[in-house]
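Fold and contact review
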There are 2 protein chains.
Amino acid sequence: MSVPLPPSRLRARKAVLPTSAVPDGTRRRILEAALQLFASRGFHGASIRDLATALELRPSALYAHFSSKEHVLAELVLMGHEAHHEGLRAALLGAGSEPIEQLRALVRAHTLLHANHPQLAVVVNEEIHSLPPELAAPALALREQSAALLHAVIERGRAQGVFSVPHAGVTAAAISTLGLRLPYWYEPTPALDVDMLADLHVELSLRMLGVQGPPAPAS
Amino acid sequence: MSVPLPPSRLRARKAVLPTSAVPDGTRRRILEAALQLFASRGFHGASIRDLATALELRPSALYAHFSSKEHVLAELVLMGHEAHHEGLRAALLGAGSEPIEQLRALVRAHTLLHANHPQLAVVVNEEIHSLPPELAAPALALREQSAALLHAVIERGRAQGVFSVPHAGVTAAAISTLGLRLPYWYEPTPALDVDMLADLHVELSLRMLGVQGPPAPAS
DNA sequence: GCTATCTGAACGAACGTTCGTTTCGCAAGG
DNA sequence: CCTTGCGAAACGAACGTTCGTTCAGATAGC
């Protein structure tokens, strides 16, 4: 009951899976509870018994749905990368052929995904290192593909002369990073909702790429 | 011997403490080995026995120097925050009174610290969440002071009209983030050494702040 | 009566930590 | 020069607990 609060990385918020590919049922409940726990205490800091307690189950019951604790993490990590990659791909498809529009779409999607699914963003980016290489590999492959999307847009924009950057790789890293650290400080408020945040990240990204935007409001 | 390689977050590089405040000896060796281990496997993923093995000691020997595993981490986390804060403070003192120069100094120092001490950066930013609140508190206080330094410079620049940002808080977060994610992708090479990287981060930061820099080289 | 799900008990291993003993460098005393 | 005593450091063995996981059996829905 009155156990001293364990340290927590993310304010407790209900974890929501970004996909409907996992049908309702115990398996989905396990994934959502594990997402919450792994995000707040880390993979090694959250035990199977913690997970079972959160689900009001006995530890052994989990093994009817997953073959090991690592496989639960692996599924979360893969799912997160899939949602991310699919989000970027869809955004790019919906944008026109102009690099500026494409970049706007990518940064918006990247920011919205990280802001709307902070726990998954944390687990995907931190706890993937707790997976053995063979379980992490599929996710890492997806990650490379996602990075390639951004690089391609930046390179095209540079070739067309609409982007002007001192160093494409460092700039791409900077833009990706905007989203990656979000879960650690951002929380939606009426004064700064996810949509405004995405617009701000687009603006910052374009500035880094040397695109002259509209003058900033006086505020 | 041929144990299957455990997953690792950071390429193995010798961990160097950024301070000479810790005298040579076993205590310092423990801190450096723990830094290496905690950075690569995480606090919960690295055991006292792992640490002892790396030091060619028996687990019990460590307790002559630290009262618990948590206290080893706490010392690393505090030391990292102190080095960071002191680095920023010194950089700011060495800069003039112009916001642009002050920002350049802060971003340079921030980037150099993270690039030169990647393990410490990772431990400080990720593993601090494994500490009980009372051990994390001193470091968190320092962190707030460091953030305040950046905020103050941005606010002064904005008041003087040399910076023009759509949202000061989000821009400050973006600039901090540039350094925080460095350990995960950057490694010094002749083609991109730490000094060039710091310059690039300064340039990106000034662009985000709406400062017109020199035109980017054609490369 | 088959299948899917969960329980209860238990397994061996690994965990952080404690404690009595041993080792060793070194200064003091004869 | 040898002995003695001392404090710091490391050892070796063990502690109680928690870890991930297994498995035979109970339960429930089709």
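Computed from a prediction, not measured in an experiment: that's the story for all the values here.

1. A closer look at the overall build of chain A
Along its length, chain A carries eight helices and zero strands. Along the chain direction, N to C, the helices and strands of chain A fall in the order α-α-α-α-α-α-α-α. For the C-alpha atoms alone, the extent of chain A along its principal axes is close to 60 × 40 × 30 Å. Counting only residues that meet the buried cut, chain A has 49% of its 219 residues in that class. Of the contacts formed within chain A by residues at least 6 apart in sequence, a portion of 70% connects residues at least 24 apart. Accessible surface for chain A amounts to roughly 10,300 Å². Of this, 58% is attributable to carbon and sulfur atoms. Side-chain charges in chain A split into 19 positive and 20 negative, and the spacing between the mean points of these groups amounts to 4 Å.

2. Quick notes on the relation of the copies chain A and chain B
The two copies are related by a screw operation: chain A maps onto chain B through 180° of rotation and 0.0 Å of translation along the axis, at an RMSD of 0.0 Å. Here the transformation between the copies is reduced to the relation of a two-fold axis. A share of 98% of interface residues in chain A that are also interface residues in chain B marks the association as one of identical surfaces.

3. Remarks on the protein's contact with DNA strand C
Taken together, 16 residues surround DNA strand C, and among them Arg58(A), Ser60(A), His65(A), Tyr63(B) and Lys69(B) come closest. In DNA strand C, atoms within 4 Å of the protein come from the sugar-phosphate backbone in 46% of cases. A distance of 2.8 Å separates a phosphate oxygen of DNA strand C from a polar side-chain atom of Arg58(A). Interatomic distance of 3.4 Å between a side-chain N/O atom of Ser47(B) and a phosphate oxygen of DNA strand C. Along the lines of polarity and charge, the residues of the surface near DNA strand C split into six nonpolar, six polar and four charged.

4. Section: the packing of aromatic side chains
Working definition: an aromatic ring pair is given by the centre-to-centre distance plus the angle between the planes. A complete count under the given rule lists four aromatic pairs over all chains for this structure. Ring geometry for Phe38(A) against Phe43(A): centres 5.2 Å apart, planes inclined by 70°, an arrangement best described as edge-to-face. Judged by its relative accessible area of 3%, Phe38(A) falls in the buried class. An angle of 75° between the planes, with centres 5.9 Å apart, marks the rings of Trp185(B) and Tyr186(B) as edge-to-face. Trp185(B) sits in the partly exposed class, given a relative accessible area of 35%. In this structure Tyr186(B) comes out as buried when scored by relative accessible area, which is 6%.

5. Description of the interface of chain A and chain B
Opposite the 40 residues of chain A that make contact, chain B presents 39 residues. Overall, the association of chain A and chain B removes approximately 3,400 Å² of surface from exposure, summing both partners, and the carbon and sulfur fraction of that is 66%. Summed over the shared surface of chain A and chain B, the result is two salt bridges. The residue Glu126(B) makes a salt bridge to Arg181(A) at a minimum N-O spacing of 3.7 Å. Scanning the region where chain A abuts chain B turns up six residue pairs in polar contact (both at pLDDT 80 or more). For the side of chain A that touches chain B, the secondary-structure elements that each account for two or more residues are helix H5 (118–126), helix H7 (168–180) and helix H8 (194–208) of chain A. Taken together, the residues of the side of chain A that touches chain B break down into 19 nonpolar, 14 polar and seven charged.

6. Observations concerning the protein's contact with DNA strand D
As a matter of local geometry, DNA strand D sits amid 16 residues, with Tyr63(A), Lys69(A), Arg58(B), Ser60(B) and His65(B) nearest to it. Protein-proximal atoms of DNA strand D, defined as those within 4 Å of the protein, fall in sugar or phosphate at a share of 50%. Take Lys69(A): an N or O atom from its side chain is 2.7 Å from a phosphate oxygen of DNA strand D. Residue classes in the surface near DNA strand D are distributed as five nonpolar, six polar and five charged.

7. Focus on H7(A)
Given 3.6 residues per helical turn, the α-helix brings residues three or four places apart onto the same face. Between its first and last C-alpha atoms H7(A) spans 18 Å; for 13 residues at 1.5 Å apiece the expected length is 18 Å, and the two agree. Burial analysis of H7(A) places 11 of its 13 residues in the buried class, the great majority of the element. Considered for burial, the residues of H7(A) that qualify are Ala168(A), Val170(A), Thr171(A), Ala172(A), Ala173(A), Ala174(A), Ile175(A), Thr177(A), Leu178(A), Gly179(A) and Leu180(A). Taken together, the buried residues of H7(A) touch helix H4 (99–116), H5, helix H6 (133–160) and H8 of chain A together with helix H7 (168–180) and helix H8 (194–208) of chain B.

8. Overview of the pattern of salt bridges
Residues and elements named next belong to chain A. If you walk through the whole model with that rule in mind, you get 24 salt bridges over all chains. One salt bridge connects Glu127 with Arg9, and the closest N-O pair in it is separated by 2.8 Å. With Glu127 in the loop between H5 and H6 and Arg9 in the segment before helix H1 (26–41), this pair connects stretches of sequence that are 118 residues apart. Salt bridges sharing partners connect three or more residues here, namely Asp24, Arg28 and Glu32.

9. Focus: the side chain of His117(B)
All names here are of chain B. Mapped onto the elements of the fold, His117 is located in the loop between helix H4 (99–116) and helix H5 (118–126). A polar contact is formed between the side chain of His117 and the backbone oxygen of Val16, at a distance of 3.3 Å. Residues contacting His117, with those up to four places away along its chain left out, are Val16, Leu17 and Pro18.

10. So, the packing of helix H3 (residues 69–94) of chain B against H4(B)
Residues and elements named next belong to chain B. Interaxial distance between H3 and H4 falls to 8 Å at its minimum, and their mutual angle equals 150°. By the angle between their directions, the pair H3 and H4 is classed as roughly antiparallel. For H3 against H4, the interelement crossing comes out right-handed. Together, Ala83, His84, Gly87, Leu88, Ala91 and Leu92 of H3 and Gln102, Ala105, Leu106, Ala109, His110, Leu113 and His114 of H4 make up the contact between the two elements.

11. Details of the environment of Glu144(A)
Residues and elements named next belong to chain A. Its place among the elements puts Glu144 in helix H6. Here Glu144 falls in the exposed class, since its relative accessible area comes to 62%. Considered as a pair, Glu144 and His85 are 59 residues apart in the sequence and their alpha carbons are 9.6 Å apart.

12. So, the nonpolar core
Nonpolar side chains in soluble globular proteins tend to end up buried together. Leu103(A) and Leu103(B) are the most contacted members of the largest nonpolar core, which totals 67 residues. Counting residues per element, this core draws most heavily on H8(A), at seven residues. Residues in contact with Leu103(A), not counting those within four places in the same chain, are Leu150(A), Val153(A), Ile154(A), Phe163(A), Ile175(A), Ser205(A), Leu206(A) and Leu209(A).

13. Remarks on the UniProt feature "domain: HTH tetR-type" (unreviewed entry) in chain A
In this structure's numbering, the residues bearing the UniProt feature "domain: HTH tetR-type" (unreviewed entry) are residues 24–84 of chain A. Along residues 24–84 of chain A, the helical share is 66% and the strand share 0%, with 21 Å between the first and last C-alpha atoms.

Calculation notes
- Residues numbered from 1 in each chain as written.
- Chains lettered and ligands numbered in written order.
- Predicted model: local features only at pLDDT ≥ 70, side-chain atom pairs only at ≥ 80, totals over all residues.
- Heavy atoms only, no water.
- Helix = DSSP H or I, 4+ residues; strand = E, 2+ residues; numbered from the N terminus.
- Buried < 20%, exposed > 50% of the residue type's maximum accessible area, 1.4 Å probe, protein only.
- Contact = heavy atoms within 4.5 Å.
- Areas by Shrake-Rupley, 256 points an atom, 1.4 Å probe, with all protein chains shown as cover.
- Lys, Arg positive; Asp, Glu negative; His and termini not counted.
- Charge placed at Lys NZ, Arg CZ, Asp CG, Glu CD.
- Least-squares fit on C-alpha atoms with pLDDT ≥ 70 in both.
- Near = heavy atom within 4 Å.
- Polar contact = N/O pair within 3.5 Å; in protein donor to acceptor, adjacent residues only side chain to side chain.
- Nonpolar A, V, L, I, M, F, W, Y, C, P; charged D, E, K, R; others polar.
- Phe/Tyr/Trp six-rings, centres within 6.5 Å; stacked < 30°, edge-to-face > 60°.
- Buried area = accessible area lost by both parts, 1.4 Å probe.
- Salt bridge = Lys/Arg side-chain N within 4 Å of Asp/Glu carboxyl O.
- Expected span 1.5 Å × (residues − 1).
- Axes fitted to C-alpha atoms, helices over the stretch in contact; angles between N-to-C directions.
- Parallel < 35°, antiparallel > 145°, perpendicular 65-115°, else oblique.
- Left-handed = near helix turned anticlockwise from the far one by under 90°.
- Core = buried A, V, L, I, M, F, W, Y, C linked by side-chain atoms within 4.5 Å.
- UniProt positions renumbered as here; feature names shortened; annotations may be inferred.

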